[in-house]
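Close look at the chain arrangement
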Amino acid sequence: MTDNNTTPQPVLRLNGITKTFPGVRALSEVDLALYPGEVTALIGENGAGKSTLVKILTGIHQPDAGQIIVDETPTTLADASAATRAGITAIHQETVLFDDLSVAENIYLGHAPRGRFGLLDWARMEEDAREILKRIGAAINPRLPLRDLGIASKHLVAIARALSVQARVVVMDEPTAALSQAEIEELYTLIDRLKAEGKAILFISHKFDEVFRIAERYTVFRDGQMVDAGMISDVTEDQLVEKMVGRAMSAIFPVRHATPGETVLEVRDYSHPTEFADISFDLRRGEILGFYGLVGAGRSEIMQSLFGVTKPSHGEARLNGRALSIRTPADAIAEGIVYVPEDRGKQGAITAMPIFQNVTLPSLSRTSNKGFIRMAQEFDLARHYTERLDLRASALDQTVGNLSGGNQQKVVIAKWLATRPEVIILDEPTKGIDVGSKAAVHDFMAELAAEGLCVIMVSSEIPEILGMSDRVIVMREGRIVSQHPRDGLSPEILVREAAGYGATAQKESAA
Amino acid sequence: MIISFLKSREAILLGALIALILLVESRFSGFAMPRNLAAVFNDTSILIILALGQTLVILTRCIDLSLASNLALTGMVTAMLNAAMPGLPIVALLAVAVALGLIMGAFNGLLVWKLNIPPIVVTLGTLTIYRGIIFLVSGGSWVNSHEMSAAYKALPRAQMLGLPVLSWIAIVVIAGFAIGVNRTALGRAFYAVGGNPGAAVYTGIDVGRTRFSAFVIAGGLAGLCGYLWVSRYAVAYTDVAGGFELDIVAACVIGGISIAGGSGTVLGAVLGALFLGVIKNALPVAGISPFWQMAISGAAIIIAVAFNARKPPSRIILKHAEARS
Ligand SMILES: Nc1ncnc2c1ncn2[C@@H]1O[C@H](COP(=O)(O)OP(=O)(O)OP(=O)(O)O)[C@@H](O)[C@H]1O
Ligand SMILES: [Mg+2]
């Protein structure tokens, strides 16, 4: 599709863009060019300034210095509608959608089709929404209220929204973080089609396989500076990682020796009227148990009911041989079972609170003396856990809302590890986290498991599942398909069983 | 630390308050004398106490519009009890006032918690109901000064260490809030629930119960103020403190308590109440026309809201703690 012999004119060019927030220089004099019919991958660590750039391109933030040149004309993008008029649309990392509006309304809010007398043309809006959703391969009824959708479907709605405006530049800020493998494939097809239509695409991701699969060009940010740019065909993955973190790094998983001990958690016949059925499994001391499945396989729902957010219709859970009766998250936390939710926006961080208060929120009894919170102890606790997770923040009393997406996720994980639980359930623990920090999270997980922590890890990333788990449970459509020890497990088996190809997948292999 | 305080919202409000006091002083010299400022504080004590209660409610993303009705009802009940049984000790009356206030707060809280009715609807309803009950118990008649015992009227005025008891009560409540809100798990929960209710649930915080607690505390304080108000002005009638619920909310808003929940400080609420108190109590004395009083307080509210729409600065006390540890 791309012809490298001619030098195409960039659709959009950024020169010397600088942006400072109080106390942080998020971007300093960065350059970027986007070409028609090409995907440029923007990579960089958490907090490198990627999303800040996206917000500048979409008129949400104004740069302190620098030029934005669209089609050779210097332009100011004063607000979101100016960006739309300039032909720039974006899928943001933190999707901002409205729970109480329908899917179609969410897609067309602000640019809805109008009929006679300038009134909203509802029929056309629904029709167009259906069309766009079909284009991105999402089977979602446009009339449903957004509230009824899972997180992956909501993300698909955000993608549909971005594509519902006529644009020449499409920016995607970690679009695949919330999607399952099948949906990611759909997205790739869509990106190919956008390329064929001559659109320029800026693609932000922490996953290198994706970058190499779809991008023609790359740009690397480090600490708010552009450190390198070029053609993807000229670099290797290791070189890119090195440019990104500023040192050579091997992305291998920690080696773990300990053999799991006695059974700590037993779950028997857990069922829910609509989400899952007949779930039974054991978790042993020091074990990391992986849950693999497509998004929507019911994994998060099981974990939420173990944690007391929802109730299973029947079934039993035992901790150290004792039957559990968990009705609220507070009960679960008291029993030493904690859950790190996948949706960090709604369920994770309290963004108006400072970092350290977020971390200590469920552990206040430990940082208090006679019922009064001791600030110094709070700082110590928060510092200990956030440092281990490689959090990048200027101070621990910075509000979480000012952190980059990946760093917010680290705060949420730190919060739960700081409760010193017996069982921790991590739902997509490294979603949106850069390679270097991912290794830090994995190392810490392995270390805590070696100390006897029991870990359930729900993940849709096959390398993570294979690299970290002692045992893997595969789920499909609310049921457990199979259980495997790690040895001898291959990506092919996981994909096949999760998708349900072939009757053989139904057989349980020895656990 | 001093520099970061200067940038905080509270510092700006303090600056505005001082400017306002100087403005009055320029028209009415002697206003800024310590003795007079103490009198202004005393006049504002009840508003401060109520604004602190309201602060908790607003922090949890709720609002209580029934506080003034609660105050009027408890005030009436204590006045009638005192008139009927002059021998009843004041401590008993205080206990009755606080208990009644707690019950009314709990009623609001339960409706919000268990029936999931929006707080503004609940308290708009109880605003009318509680006032209606005053009419029921009093039959519309007044309890006048001569019907009240001397002891009943004396407490808020009694001098202690140079200040009236009323001022001391406000000081104790402020101190209690400063500690309770900043240094207890419940105080933290108010912020968490208002900041992100979804995440608060996952943290093991019972959102409904936390909101209930805020309503109960605000109600109890309103009950206390019921006695203080009626004994101070030595008269009880159905319309006592009519419309005062809006002053309470205004004090919070001026003080930087975000109506969206999850953000605001005790110091801010106190300064907001003082600011409004100076406008309401001092400007008339200084001969500034009612029009300007309304214009100044209206402008203060709008400026405060516009200001809050911006990013709140991180809290300074904590920087200090971090530097130390
Ligand atoms: N509104 C804001 N106020 C203050 N600081 C901010 C704000 N938004 C971003 N920052 C800071 O700017 C820096 C860049 O953040 P940005 O969100 O652009 O990172 P990112 O590259 O997108 O990271 P991630 O991979 O985690 O999404 C970070 O240090 C972040 O804390
Ligand atoms: Mg980002």
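Residues numbered from 1 in each chain as written. Chains lettered and ligands numbered in written order. Predicted model: local features only at pLDDT ≥ 70, side-chain atom pairs only at ≥ 80, totals over all residues. Heavy atoms only, no water.

Section: the overall build of chain B
Here is the rule we go by: Starting at the N terminus, helices and strands are each numbered in turn, a helix being any DSSP run of H or I of at least four residues and a strand any DSSP run of E of at least two. Radius of gyration: C-alpha atoms only; globule rule: 2.2 Å multiplied by the number of residues to the exponent 0.38. The contact criterion used throughout is that any non-hydrogen atoms of two residues lie within 4.5 Å. Areas reported here follow the Shrake-Rupley algorithm with a probe of radius 1.4 Å; residue values treat only the protein chains shown as occluding. We count Lys and Arg on the positive side and Asp and Glu on the negative side, and we leave His and both chain ends out. Charged groups are reduced to one reference atom each: NZ for lysine, CZ for arginine, CG for aspartic acid, CD for glutamic acid.
Of the regular secondary structure elements, chain B holds 15 helices and 2 strands. In summary, chain B has a C-alpha radius of gyration of 20 Å against a globular reference of 20 Å for 325 residues, a match within 12%. Across its three principal axes, chain B shows a C-alpha extent of roughly 60 × 55 × 40 Å. Taking the contacts inside chain B whose residues are at least 6 apart along the sequence as the reference set, 79% of them involve residues at least 24 apart. For chain B, the exposed surface amounts to about 13,600 Å²; the carbon and sulfur share of it is 73%. Averaging the positions of the 20 positive and the 10 negative side-chain charges in chain B gives two centres separated by 9 Å.

Some thoughts on the sheet that holds strand S8 (residues 200-204) of chain A
Pairing between the strands of a sheet is mediated by backbone hydrogen bonds and can be parallel or antiparallel. All names here are of chain A. Selection criterion: One requirement defines pairing of two strands: DSSP has to find at least two bridges between them. All axes are obtained by fitting lines to C-alpha atoms, using only the stretch in contact for helices, and the reported angles, taken between N-to-C directions, cover 0 to 180 degrees.
Taken together, 6 strands build an open sheet; the order of strands is S6-S7-S8-S3-S9-S10 and the sheet is mixed. At either margin of the open sheet sits one strand with a lone partner, and together these are strand S6 (88-91) and strand S10 (225-231). Averaged over all pairs of adjacent strands, the angle between strand axes in this sheet comes to 15°, irrespective of strand direction. As paired elements, strand S7 (residues 169-173) and S8 share 5 bridges and run parallel to each other. Paired with Met-172 across the strands is Phe-203, a residue of S8. Lying on the sheet, helix H5 (residues 151-163) is in contact with S6 and S7; it crosses S6 at an angle near 180°.

Overview of the pattern of salt bridges
Let me state the cut-off plainly: The term salt bridge refers to a pairing of a side-chain nitrogen on Lys or Arg with a carboxyl oxygen on Asp or Glu at a separation within 4 Å. Buried means the residue's accessible area, taken with a 1.4 Å probe over protein chains only, is under 20% of the maximum for its type, while exposed means over 50%, and partly exposed covers the values in between.
What the rule picks out here adds up to 31 salt bridges over all chains. Between Arg124(A) and Asp128(A) there is a salt bridge whose closest N-O contact spans 3.7 Å. One end of the pair is Arg124(A) and the other is Asp128(A), both in helix H4 (residues 122-135) and 4 residues apart, which spans about a single turn. Residue classification places Asp128(A) among the partly exposed positions, given a relative accessible area of 25%. For Arg209(B), the salt bridge identified is with Asp206(B), shortest N-O distance 3.9 Å. Assessed through its relative accessible area of 34%, Asp206(B) is described here as partly exposed. If you follow the salt bridges from partner to partner, you end up with Glu45(A), Asp390(A) and Arg392(A) in one network.

Considerations on the state of the cysteines
In plain terms, the rule: Defined by distance alone, a disulfide is two cysteine sulfur atoms within 2.5 Å.
The final tally for this structure, using the stated rule, is 0 disulfides over all chains. Left unpaired, Cys225(B) is separated from the closest cysteine sulfur, that of Cys252(B), by 13 Å.

Details of the packing of aromatic side chains
What characterises a pair of aromatic rings is the spacing of the ring centres plus the angle enclosed by the ring planes. Formally: Between rings of Phe, Tyr and Trp, where Trp is taken as its six-membered ring, a pair exists when centres lie within 6.5 Å; planes separated by under 30 degrees are stacked, by over 60 edge-to-face, and by other angles tilted. Cation placement over rings: the criterion is NZ of Lys or CZ of Arg within 6 Å of the ring centroid and within 35° of the ring normal.
Counted by the stated rule, this structure contains 13 aromatic pairs over all chains. Over the aromatic face of Tyr35(A) sits the side chain of Arg217(A), whose NZ or CZ is 3.8 Å from the ring centroid. Above the face of the Trp113(B) ring, Lys114(B) is positioned so that its terminal group lies 4.0 Å from the ring centre.

A short note on the domain arrangement of chain A
Residue and element names in this part refer to chain A. Rules: Just so you know, the domain bounds were taken from an automatic or database domain assignment. The quantity reported as buried area is the accessible area (1.4 Å probe) lost by two parts once they are put together, taken as the sum for both. N or O atoms closer than or at 3.5 Å make up a polar contact, with two conditions inside protein: a donor-capable atom paired with an acceptor-capable one, and, for residues adjacent in sequence, both atoms drawn from side chains.
When cut into domains, chain A gives domain 1 (12-247), domain 2 (262-336 + 422-511) and domain 3 (347-420). One C-alpha centre belongs to domain 1, the other to domain 3, and the line joining them spans 30 Å. On the domain 3 side, the residues contacting the 5 residues of domain 1 number 6 residues. The contact between domain 1 and domain 3 buries some 490 Å² in all, and 37% of this surface belongs to carbon and sulfur atoms. Seen at the junction of domain 1 and domain 3, the total is 1 salt bridge. The interface formed by domain 1 and domain 3 includes 3 residue pairs in polar contact (both at pLDDT 80 or more).

Description of the coordination of the magnesium ion (ligand 2)
Residues and elements named next belong to chain A. Using the following cut-off: Atoms of type N, O and S within 2.8 Å of a metal are treated as its donors, and for Na, K and Ca the window is 3.2 Å; water is not considered, so some sites may appear to be missing partners.
Surrounding the magnesium ion (ligand 2) are the protein donor atoms Ser-51 (OG) and Gln-93 (OE1), at 1.9 to 2.1 Å. Of this pair, Ser-51 sits in helix H1 (residues 50-57) while Gln-93 sits in the loop between S6 and helix H3 (103-108), and the two are 42 residues apart along the sequence. As far as burial versus exposure is concerned, Ser-51 and Gln-93 are alike and both buried.

Re the site of ligand 1
All names here are of chain A. Our working rule: For each residue, the test is whether any non-hydrogen atom lies within 4 Å of the molecule or strand; if one does, the residue is near. Residue polarity is assigned by list, with Asp, Glu, Lys and Arg as charged and Ala, Val, Leu, Ile, Met, Phe, Trp, Tyr, Cys and Pro as nonpolar; anything else, Gly included, falls into the polar class.
What surrounds ligand 1 is a group of 19 residues, the closest being Gly-47, Ser-51, Thr-52, Ser-404 and Gly-406. Here an oxygen atom of ligand 1 and a side-chain polar atom of Asn-46 are 2.9 Å apart. A distance of 2.9 Å is found between an oxygen atom of ligand 1 and a side-chain nitrogen or oxygen belonging to His-206. For ligand 1, the accessible surface in isolation is 640 Å², of which the surrounding protein chains cover 90%. Elements with a minimum of two residues in the shell around ligand 1: strand S2 (24-34), H1 and helix H14 (405-417). Ranked by residues supplied to the shell around ligand 1, first place goes to H1 with 3 residues. Within the shell around ligand 1, the residues separate by chemical class into 5 nonpolar, 11 polar and 3 charged. A domain-level breakdown of the shell around ligand 1 finds at least three residues from each of domain 1 (12-247) and domain 3 (347-420).

Thoughts on the environment of Leu102(B)
On the secondary structure map, Leu102(B) appears in helix H5 (residues 90-114). When the C-alpha positions of Leu102(B) and Leu267(B) are compared, they lie 24 Å apart, and in sequence the two are 165 residues distant.

As for the sheet that holds strand S21 (residues 471-476) of chain A
All names here are of chain A. Taking strand neighbours across the sheet as the criterion, the 6 strands line up as S16-S19-S20-S13-S21-S22 in an open arrangement whose pairing is mixed. With one partner strand each, in any of the chains shown, strand S16 (337-340) and strand S22 (479-485) form the two edges of the open sheet. Each strand axis lies, on average, 20° off the axis of its neighbour in the sheet, ignoring direction. As defined by bridge partners, strand S19 (residues 423-427) adjoins strand S20 (residues 454-458) across 5 bridges and the pair is classed as parallel. When the bridges of S20 are listed, Ile-425 appears paired with Ile-456. Its contacts with the sheet put helix H9 (residues 299-306) on strand S13 (288-293), S16, S19, S20 and S21, and the angle it makes with S13 is roughly 135°. Docked against the sheet, H14 engages S16 and S19, running at close to 180° with respect to S16.

A look at the interface of chain A and chain B
Across the boundary between the two partners, chain A contributes 39 residues, which contact 27 residues of chain B. Remark: the boundary between chain A and chain B carries 1 salt bridge. Of the charged contacts, one joins Arg188(B) and Glu378(A) as a salt bridge, the two residues approaching to 2.6 Å between their closest N and O atoms. Inspection of the region where chain A meets chain B yields 6 residue pairs in polar contact (both at pLDDT 80 or more).

Describing H5(A)
All names here are of chain A. As a reminder of what qualifies: For a helix, the expected span equals 1.5 Å multiplied by the residue count minus one.
Relative to the 18 Å expected for 13 residues at 1.5 Å per residue, H5 spans 19 Å between its end C-alpha atoms, a close match to the ideal helical length. Ala-152, Lys-154, His-155, Leu-156, Val-157, Ala-158, Ile-159, Ala-160, Ala-162 and Leu-163 are the residues of H5 that are buried. The inward-facing, buried residues of H5 abut S6, H3, H4, S7, helix H6 (181-196) and helix H11 (344-348).

Things to note about a nonpolar patch on the surface
All names here are of chain B. Selection criterion: Put simply, a patch holds well-exposed residues, over 30% relative accessible area, that have no salt bridge, with like charges counted together within 9 Å and Val, Leu, Ile, Met, Phe, Trp or Tyr side chains within 5 Å.
There is a patch of nonpolar side chains on the surface, built from Leu-14, Ile-18 and Leu-22 and spanning about 250 Å² of accessible area. Inspection of the secondary structure assignment puts Ile-18 in helix H2 (residues 9-27). Classification of Ile-18 as partly exposed rests on a relative accessible area of 45%.

What about the packing of helix H3 (residues 34-59) of chain B against helix H13 (residues 266-285) of chain B?
Residues and elements named next belong to chain B. Selection criterion: Each angle gets one of four labels, with under 35 degrees taken as roughly parallel, over 145 as roughly antiparallel, 65 to 115 as roughly perpendicular, and the rest as oblique. Each crossing gets its hand from how the near helix is turned against the far one by less than a right angle, where anticlockwise is left-handed and clockwise is right-handed.
Here H3 crosses H13 at 135°, and the two axes come no closer than 8 Å. When the axis of H3 is compared with that of H13, the two are oblique. For the pair H3 and H13, the crossing hand works out as right-handed. Contacts between H3 and H13 involve Val-40, Phe-41, Asp-43, Thr-44, Leu-47, Ile-48, Ala-51, Leu-52 and Thr-55 from the first element and Val-266, Ala-269, Val-270, Ala-273, Leu-274, Leu-276, Gly-277, Val-278 and Asn-281 from the second. Its residues assigned to classes, the contact of H3 with H13 shows 13 nonpolar, 4 polar and 1 charged.

Some remarks on helix H8 (residues 237-245) of chain A
As a reminder, the rule being used: This arc describes the spread of directions from the helix axis toward the C-beta atoms.
Taken together, the buried positions of H8(A) are Leu240(A), Val241(A), Met244(A) and Val245(A). Considered in projection along H8(A), the buried side chains sweep an arc of 115° and stay on one side of the axis.

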